2 protein chains.
Amino acid sequence: MGRRGSGTPTLTDVAALAGVSPATASKALNGRDEVAPATRAKVLEAAEKLAFRPNALARSLVSGNTSTIGLLTSDSGGRFSIPVLLGAENALGDNQISVLLADARGDAIRERHYVRTLLAQQVAGLIVVGESSNRRPSIGRDVPVPVVYAYAESTDPQDLSFLPDDRGGAKMALEHLYSLGRRKIAHITGPVDYRATVERVNGLNEFLDDVGLPLAGREVRYGEWSQRWGRHAAEFVLNDDPDVDAIFCGSDQVAAGVTETLAARGVRVPDDIALVGFDNWEIFSTETSPPLTTVDMNLQRLGAIASQHLFAAIGGEQATGIRHLPCRLVIRDSSGGR
Amino acid sequence: MGRRGSGTPTLTDVAALAGVSPATASKALNGRDEVAPATRAKVLEAAEKLAFRPNALARSLVSGNTSTIGLLTSDSGGRFSIPVLLGAENALGDNQISVLLADARGDAIRERHYVRTLLAQQVAGLIVVGESSNRRPSIGRDVPVPVVYAYAESTDPQDLSFLPDDRGGAKMALEHLYSLGRRKIAHITGPVDYRATVERVNGLNEFLDDVGLPLAGREVRYGEWSQRWGRHAAEFVLNDDPDVDAIFCGSDQVAAGVTETLAARGVRVPDDIALVGFDNWEIFSTETSPPLTTVDMNLQRLGAIASQHLFAAIGGEQATGIRHLPCRLVIRDSSGGR
DNA sequence: TTGTATGCGTTATCAC
DNA sequence: GTGATAACGCATACAA
């Protein structure tokens, strides 16, 4: 009889109903070919009838590997981890892989705790997602399963990290503005201690150097990731440099604030000033008036690629280093580019 | 020797190092009292030395119950499931419970698939989170583990569902406005086919009836959950009823749009018009100018309570029906209430 | 107090 | 082609 007489049916139940041994039933259900077609049919029928589902725990215990991976995150809002998770689930496909989620909330102690818990659950691998894409401590080399960092950069070069190519993304935005004839481009962005901020500014500077253009708006405006900052910074830029004909923002949230100030001052977008954001965070980018041209970091794709590499690593193909994945320009009305 | 000679240490390894049998080691580690203090010390020391972590799979296989629960969600953005998840993790505390997350993306087929997968993983219970708080099909009575619905209402009254008390939340908002002397209150909200929309309107109507006040702004303005709609609807309201002195919005996102229109038309908030939102979605509620007074649905608390009930159910204390959990008014500047 | 034996549900090995 | 048997890592009933 099966578990506790009345519970979920077990392989033994199926075998009994089919009139074969558990071993044979196992082979039949797992599609091994050392089993007679007639027998297989009987077993499958019995399994169907009992709505049999193999106990993944028992299976993992004997096989030594789970079909579960751990996702260790720190961004409590799920702003980055959810897209990464969705991308991972996509890549997993019907592989019957499950994701154990643990949110360490940026606390190193809690993070260590969760790593141990996830390992106790015998996860086959770990994906670490950052609360920002900044460099962050490695969870260590003594972890007995493969680890990849997605939207996070491990300080240990022996780890494998996946980051969006913010620098390239910024260049895409600027090329777009440049191609539309804009020559007085200002930049309003977030805190200077974000890798994303710095990389986007690097892309900006490289582009301006390449085409021989000065930065407009007097200087790069560093602030916070908030609409509030966008509103204020737009005032500064307009006051200091009324000729500005384009503003490239370090995030859509900032761009949303900029939009408000421009509207309040009667500046037309994109006619007077073209606007480009970053993130393609749709609750902002599709909701401003006009909707934002913006740079999408392809986080879902990043999650998919990271998990593919994780599986490769689980399969023995270890890799190391930092991979920058391309961004994508999403053109809407705020730049006048279509 | 343990797994594959060199892998993760097992209980047997610990026992060997401590010079006792695996059974004794097990008892010592699990805090059973039929073991001599000296022996326990030896075992603990050995476990420490080997960094031993019990294999949760094996433990579950023998005990028959896992320390894992499944979280089945449909809101791809994580807008509701993440707070619920955090609340659940809080309630779990150090119980070493893990959460297996599956995102069905609103697809019933995928949902069934994930339920089966989660069950195959032997989850001890299931939390179902909706993409909205609307009524949704039950995942069925044939699920062999307890299920609770959080921010979702199962169509089956035998299920246990937890919902925010939107009606009560709306009343809190209105009482607040009323107590501040506002008497011409309009309502701008989302689609009429959302339970949340309807319940908030119900609360509105009940309140207005109670105090004998007519609705201002001509009628309830139903639309979408978007800033865009908020901007337009505010125009309608102001045009139809210029005397309005308060606008209660069905969401912060809508309120953010309303704010923009009010600013554009030179209407002062809260002096001319007081504004109250709903959701306390902080990227909106703390970022508008002025910041929004709004109703918080306490989703994290809802998640905590739902998971507590789930554990009770796992422990045998089944419950059924629908529980409405109170909202909380968060007072900021947009209502002039502080 | 400690150790031996057994079983959880499944798969793999190896006889038959 | 099929079925005993052992093993995965752990916990427990029971014997010592």
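Residues numbered from 1 in each chain as written. Chains lettered and ligands numbered in written order. Predicted model: local features only at pLDDT ≥ 70, side-chain atom pairs only at ≥ 80, totals over all residues. Heavy atoms only, no water.

Visitor: What am I meant to see in the overall build of chain A here?
Guide: When its secondary structure is counted, chain A shows twelve helices and 13 strands. For chain A, whose C-alpha radius of gyration is 26 Å, the value lies well above the compact-globule estimate of 20 Å for 338 residues. Dimensions of chain A, computed from C-alpha atoms along their principal axes, come out at roughly 85 × 40 × 35 Å. Put simply, chain A has 338 residues, and 55% of those count as buried. Excluding contacts between residues fewer than 6 apart, the proportion of contacts in chain A whose partners are at least 24 apart in sequence is 70%. Per element, the accessible surface of chain A, about 14100 Å² overall, is 49% carbon and sulfur. Here chain A contributes 35 positively and 41 negatively charged side chains, and the mean placements of these two sets differ by 6 Å. (Helix = DSSP H or I, 4+ residues; strand = E, 2+ residues; numbered from the N terminus. Rg over C-alpha atoms; globule rule 2.2 N^0.38 Å. Buried < 20%, exposed > 50% of the residue type's maximum accessible area, 1.4 Å probe, protein only. Contact = heavy atoms within 4.5 Å. Areas by Shrake-Rupley, 256 points an atom, 1.4 Å probe, with all protein chains shown as cover. Lys, Arg positive; Asp, Glu negative; His and termini not counted. Charge placed at Lys NZ, Arg CZ, Asp CG, Glu CD.)

Visitor: Looking at this structure, I do not really get the relation of the copies chain A and chain B. What am I missing?
Guide: Mapping one chain copy onto the other needs a rotation about an axis and a shift along that axis. For the pair chain A and chain B, the best superposition has an RMSD of 0.1 Å and corresponds to a rotation of 180° with a translation of 0.0 Å parallel to the axis. The relationship between the two copies is best expressed as a two-fold rotation axis. Residues of chain A ranked by C-alpha distance from the rotation axis are headed by Leu100(A), positioned 2.2 Å from it. In this assembly the copies share their binding face: 98% of the residues contributing to the interface of chain A also contribute to that of chain B. (Least-squares fit on C-alpha atoms with pLDDT ≥ 70 in both.)

Visitor: I keep staring at the packing of aromatic side chains and nothing clicks. Help me out?
Guide: Two aromatic rings are characterised by how far apart their centres lie and by the angle between their planes. Residues and elements named next belong to chain A. Scanning the entire structure with this criterion turns up 13 aromatic pairs over all chains. Considering the side-chain rings of Tyr178 and Phe207, the 5.7 Å spacing of their centres and the 75° angle between planes classify their relative orientation as edge-to-face. You can see Tyr178 sitting in helix 7 (residues 166–179) and its partner Phe207 sitting in helix 8 (residues 195–211), a full 29 residues away along the chain. For Tyr178, a relative accessible area of 26% gives the class partly exposed. Taking the relative accessible area as the measure of exposure, Phe207 reaches 5% and is therefore buried. (Phe/Tyr/Trp six-rings, centres within 6.5 Å; stacked < 30°, edge-to-face > 60°.)

Visitor: What is the right way to look at helix 4 (residues 56–63) of chain A in this model?
Guide: Residues lying three or four places apart along an α-helix face the same way, a consequence of the helix completing one turn every 3.6 residues. Residue and element names in this part refer to chain A. Inspection of helix 4 places Ala56, Leu57 and Ser60 among the buried residues, and these make up the whole buried set. Down the axis of helix 4, the smallest arc covering the buried residues is 100°, so these residues share one side. The backbone nitrogen of Leu57 lies 2.7 Å from a side-chain oxygen of the residue at the head of helix 4, namely Asn55. Immediately downstream of helix 4, the backbone of Gly64 shows phi near 85°, a positive value. (Arc of directions from axis to C-beta. Polar contact = N/O pair within 3.5 Å; in protein donor to acceptor, adjacent residues only side chain to side chain.)

Visitor: Quick question: what am I supposed to make of the sheet that holds strand 5 (residues 147–150) of chain B here?
Guide: The strands making up a sheet associate through hydrogen bonds between their backbones, and the pairing can be parallel or antiparallel. Spatially, 12(A)-7(A)-5(A)-3(A)-1(A)-2(A)-2(B)-1(B)-3(B)-5(B)-7(B)-12(B) is the arrangement adopted by the twelve strands of the open sheet, whose pairing is mixed. The open sheet has two free edges, formed respectively by strand 12 (321–325) of chain A together with strand 12 (321–325) of chain B, since each of these has just one partner strand. Taking the axes of each pair of neighbouring strands and ignoring which way they run, one obtains an average angle of 25° across the sheet. For strand 7 (residues 160–164) of chain A and strand 12 of chain A, the ladder comprises five bridges, and the chain directions are parallel. (Pairing = 2+ DSSP bridges. Axes fitted to C-alpha atoms, helices over the stretch in contact; angles between N-to-C directions.)

Visitor: Would you explain the sheet that holds strand 13 (residues 328–330) of chain B in this entry?
Guide: Residue and element names in this part refer to chain B. The five strands lie next to each other as 8-9-10-11-13, forming an open sheet whose pairing is mixed. Strands at the two margins of the open sheet, each flanked by one partner only, are strand 8 (185–188) and strand 13. Taken pair by pair, the neighbouring strands of this sheet meet at an average axis angle of 20°, ignoring direction. Pairing analysis gives four bridges linking strand 8 to strand 9 (residues 246–249), with the strands arranged parallel.

Visitor: I keep staring at the protein's contact with DNA strand C and nothing clicks. Help me out?
Guide: Around DNA strand C lies a shell of 26 residues, among which Leu11(A), Arg59(A), Lys27(B), Ala36(B) and Thr39(B) are the nearest. The sugar-phosphate backbone supplies 65% of the atoms of DNA strand C found within 4 Å of the protein. One of the side-chain N or O atoms of Arg32(A) is found 2.9 Å from a phosphate oxygen in DNA strand C. Of all elements in the fold, only helix 2 (22–29) and helix 4 of chain A together with helix 2 (22–29) and helix 4 (56–63) of chain B reach the threshold of two or more residues within the surface near DNA strand C. Each residue belonging to the surface near DNA strand C can be placed in one class, and the counts come to twelve nonpolar, seven polar and seven charged. (Near = heavy atom within 4 Å. Nonpolar A, V, L, I, M, F, W, Y, C, P; charged D, E, K, R; others polar.)

Visitor: What's the story with the pattern of salt bridges in this structure? I'm lost.
Guide: Two side chains that carry opposite charge are able to pair once their charged atoms sit near each other. Applying the stated criterion across every chain, the model contains 40 salt bridges over all chains. Salt-bridge contacts for Arg32(A) lead to Glu34(A); the nearest nitrogen and oxygen are separated by 3.1 Å. Using a relative accessible area of 44% as the deciding quantity, one classes Arg32(A) as partly exposed. Salt-bridge contacts for Glu206(B) lead to Arg167(B); the nearest nitrogen and oxygen are separated by 2.4 Å. Here Glu206(B) is found in helix 8 (residues 195–211), whereas its partner Arg167(B) is found in helix 7 (residues 166–179), with 39 residues between them in sequence. The class of Glu206(B) is partly exposed, set by a relative accessible area of 27%. One connected set of salt bridges, linked through shared partners, spans Arg79(A), Asp166(A), Arg195(A), Arg200(A) and Asp279(A). (Salt bridge = Lys/Arg side-chain N within 4 Å of Asp/Glu carboxyl O.)

Visitor: Which parts of the structure should I look at to understand the domain arrangement of chain A?
Guide: How big an interface is tends to be reported as the loss of accessible area on association of its parts. All names here are of chain A. When cut into domains, chain A gives domain 1 (11–54), domain 2 (68–163 + 298–326) and domain 3 (166–297). Counting residues at the interface gives twelve residues for domain 2, matched by eight residues for domain 3. Each partner contributes to the roughly 860 Å² buried at the junction of domain 2 and domain 3, and carbon and sulfur atoms together form 46% of this total. Sorting the residues of domain 2 by area buried against domain 3 places Arg79, Asn134 and Asn298 first, and these three jointly supply 52% of that buried surface. At the boundary of domain 2 and domain 3, one finds one salt bridge. The closest approach of N and O atoms between Asp279 and Arg79, which form a salt bridge, is 3.5 Å. Residues that form the side of domain 2 that touches domain 3 fall into these classes: five nonpolar, five polar and two charged. (Domains from an automatic or database assignment. Buried area = accessible area lost by both parts, 1.4 Å probe.)

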